[in-house]
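Here is how the chains run, residue by residue.
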Amino acid sequence: MRFILRRLGFYCAAFAVALTLNFFIPRLMPGDPAATLFVSLRGRMSQQSLDAMRAAYGFDGSLWDQFVAYVFRLMHGDLGVSTVNFPQPASEMLLYAAGWTLFLVGVATLLSFAVGIVFGMLAAWRRGSFFDTLFTPVNVMLNAFTPAVVALLLLYGFALQLEWFPLGRAYDIDLEPGWNMAFIASVLYHSVLPLASLVIIAIGGWHLSMRNTMINLLNEDYITLARAKGLSGRRILFRYAARNAMLPQITSLALTFGFVLGGALITEVVFNYPGLGKFTLAAIEKRDYAFIQGQLLFLTVTVLLANLIADVLNLLLDPRLRDRSELA
């Protein structure tokens, strides 16, 4: 329990630092959203309107006054007004885009993790076999590809040439969003190519990580002892080798999930997918500070939560950590 409380204290301090940086970093950029709008209107805005716009965006008063007002609004769940879709609250845009990103990147992460771990486990257990010789170099090669190349190749081959899949968007524009079979089927159909572009690249990383960890563990004395005692290969593989090799993979998975809400910028732009990556790019171009700050806040919270979950899982799965935490 003391270990968890210490970690909670550390993450709360990290959140406070991230919150402060989240406020000041966008303001280090020259100009502000109201000034950007003023320039885009070529000066056809009165000074009173400009001042009112600055107040609406939270840019009136000193920097300290703005920071206090920012923290106060955050405590009430108010992330501010979006510049891109004025006067829509930035929180509504974030929640809308986060749902699509969570689905796309979350499913891609789980699929690539499951397939990559199984591939890595089998490649290590059958090291030097046909499976290892074929799939390990192939996955290494795919892992070296950039997301833009894979996404564009899939879009060109399967959407433009073969016309098996749609060119973009998250669902058929003629359908009304809702929990019905037609809409769900459309979402799944439109997600095939974006998901494939993410999974193809990510499998290699999980494959190599699991394979290397397993190979090191298979040379440990307790594995040799298990073989000498005549235990079955299946039992040694799953109970002794794979179980211990999964510990660092779980930590990596938790950290990866922490960055899920960072979005998949290139994939979302190529497939015109309405996720956080695509919205964030538009927000940076338009100086939409409210959305950028909200996005960074979302990312900070999910990364810290993912780290905390990884700490708890490692504590539950590894008895050595439990012993150390009790002694500390």
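Use the structure listed above.
Everything numeric in this text was worked out from a predicted model, so none of it was measured.

Asks: Looking at this model, I keep getting lost on the overall build of the protein. Mind explaining?
Replies: What the protein contains, in helices and strands, is 14 helices and 0 strands. Across the protein, helices and strands are ordered from the amino to the carboxyl terminus as α-α-α-α-α-α-α-α-α-α-α-α-α-α. Dimensions of the protein, computed from the C-alpha atoms along their principal axes, are close to 85 × 60 × 35 Å. In the protein, which comprises 328 residues, the share counted as buried stands at 39%. Of all intrachain contacts in the protein linking residues separated by at least 6 positions in sequence, the fraction that spans at least 24 positions is 73%. When the accessible area of the protein is evaluated, it comes to approximately 18000 Å², of which 68% is carbon and sulfur surface. Charged side chains in the protein number 24 positive and 20 negative. The centres of these two groups are separated by 11 Å.

Asks: When you look at a nonpolar patch on the surface in this model, what are you seeing that I'm missing?
Replies: Among the surface-exposed residues, Phe130, Leu134, Val138, Met141, Phe145, Val149 and Leu153 lie close enough to one another that they form a single nonpolar patch of about 650 Å² accessible area. Looking at the nonpolar patch, the elements with two or more residues in it are helix H6 (130-144) and helix H7 (147-161). The element that contributes the greatest number of residues to the nonpolar patch is H6, accounting for 4 residues. Examined against the element boundaries, Met141 turns out to sit in helix H6. Judged by relative accessible area, Met141 falls into the partly exposed class, the value being 47%.

Asks: Before we go on, may I ask you to explain the side chain of Gln66 in this structure?
Replies: Looking at where Gln66 falls in the secondary structure, it is placed in helix H4 (residues 63-75). In contact with Gln66, other than residues within four places in its own chain, are Phe23, Arg27, Gly58, Phe59, Asp60 and Gly61.

Asks: Can you walk me through helix H1 (residues 2-27) in this structure?
Replies: Note on helix geometry: an α-helix contains 3.6 residues per turn, so any two residues three or four positions apart are oriented the same way. Here H1 contains 26 residues, and its C-alpha end-to-end distance of 39 Å stays within 8% of the 38 Å for a straight helix at 1.5 Å per residue. All of the buried residues along H1 are Ile4, Tyr11, Ala18, Leu19, Asn22, Phe23, Pro26 and Arg27. Packed against the buried residues of H1 are H4 and helix H13 (289-317).

Asks: I tried to follow the packing of H1 against H13 on my own but got confused; where do I start?
Replies: Angle between the axes and distance between the axes are the two parameters that describe a pair of packed helices. Following both chains from N to C, one finds H1 and H13 inclined at 165 degrees, their axes separated by 10 Å at the closest point. Viewed along their axes, H1 and H13 adopt a mutual orientation that is roughly antiparallel. Crossing geometry of H1 relative to H13 is assigned as right-handed. Within the contact of H1 with H13, the residues separate by chemical class into 19 nonpolar, 4 polar and 3 charged.

Asks: Help me understand the pattern of salt bridges, please; the structure alone is not making it clear to me.
Replies: Between side chains of opposite charge, a pair can form when the charged atoms approach closely. Under the counting rule described, the total for this entry stands at 1 salt bridge. One salt bridge in this structure joins Arg211 and Asp132, with 2.9 Å as the shortest N-O distance. Taken as a pair, Arg211 in helix H8 (residues 181-218) and Asp132 in helix H6 lie far apart in primary sequence, 79 residues in all. You can call Arg211 buried: its relative accessible area is 15%. Residue Asp132 is classed as buried on the basis of its relative accessible area, which comes to 6%.

Asks: Is there a simple way to think about the environment of Asn180 in this case?
Replies: Structurally, Asn180 can be placed in the loop between H7 and H8. Asn180 sits in the partly exposed class, given a relative accessible area of 34%. Put simply, Asn180 and Asp60 are 120 residues apart on the chain and 46 Å apart in space, counted from C-alpha to C-alpha.

Asks: What is the right way to read the environment of Leu297 from this model?
Replies: In this fold, Leu297 is placed in helix H13. The class of Leu297 is buried, set by a relative accessible area of 12%. Setting aside residues no more than four positions away along its own chain, Leu297 makes contact with Phe15, Leu19, Asn22, Leu74 and Leu79.

Asks: I would appreciate a short explanation of the packing of H7 against H8 in the present structure.
Replies: In the contact formed by H7 and H8, the axes pass within 9 Å of each other and the chain directions differ by 140 degrees. Our classification of the angle between H7 and H8 gives oblique. Judged by the twist between their axes, the crossing of H7 over H8 is right-handed. The segment H7 lies against H8, with Pro147, Val150, Ala151, Leu154, Phe158 and Ala159 engaging Leu193, Ala196, Ser197, Ile200 and Ile201.

Reading guide: rules and limits
Residues numbered from 1 in each chain as written. Predicted model: local features only at pLDDT ≥ 70, side-chain atom pairs only at ≥ 80, totals over all residues. Heavy atoms only, no water. Helix = DSSP H or I, 4+ residues; strand = E, 2+ residues; numbered from the N terminus. Buried < 20%, exposed > 50% of the residue type's maximum accessible area, 1.4 Å probe, protein only. Contact = heavy atoms within 4.5 Å. Areas by Shrake-Rupley, 256 points an atom, 1.4 Å probe, with all protein chains shown as cover. Lys, Arg positive; Asp, Glu negative; His and termini not counted. Charge placed at Lys NZ, Arg CZ, Asp CG, Glu CD. Patch = residues over 30% accessible without salt bridge, like charges linked within 9 Å, V, L, I, M, F, W, Y side chains within 5 Å. Salt bridge = Lys/Arg side-chain N within 4 Å of Asp/Glu carboxyl O. Expected span 1.5 Å × (residues − 1). Axes fitted to C-alpha atoms, helices over the stretch in contact; angles between N-to-C directions. Parallel < 35°, antiparallel > 145°, perpendicular 65-115°, else oblique. Left-handed = near helix turned anticlockwise from the far one by under 90°. Nonpolar A, V, L, I, M, F, W, Y, C, P; charged D, E, K, R; others polar.

Fair warning: the whole summary comes from geometry, so function is off the table for now.
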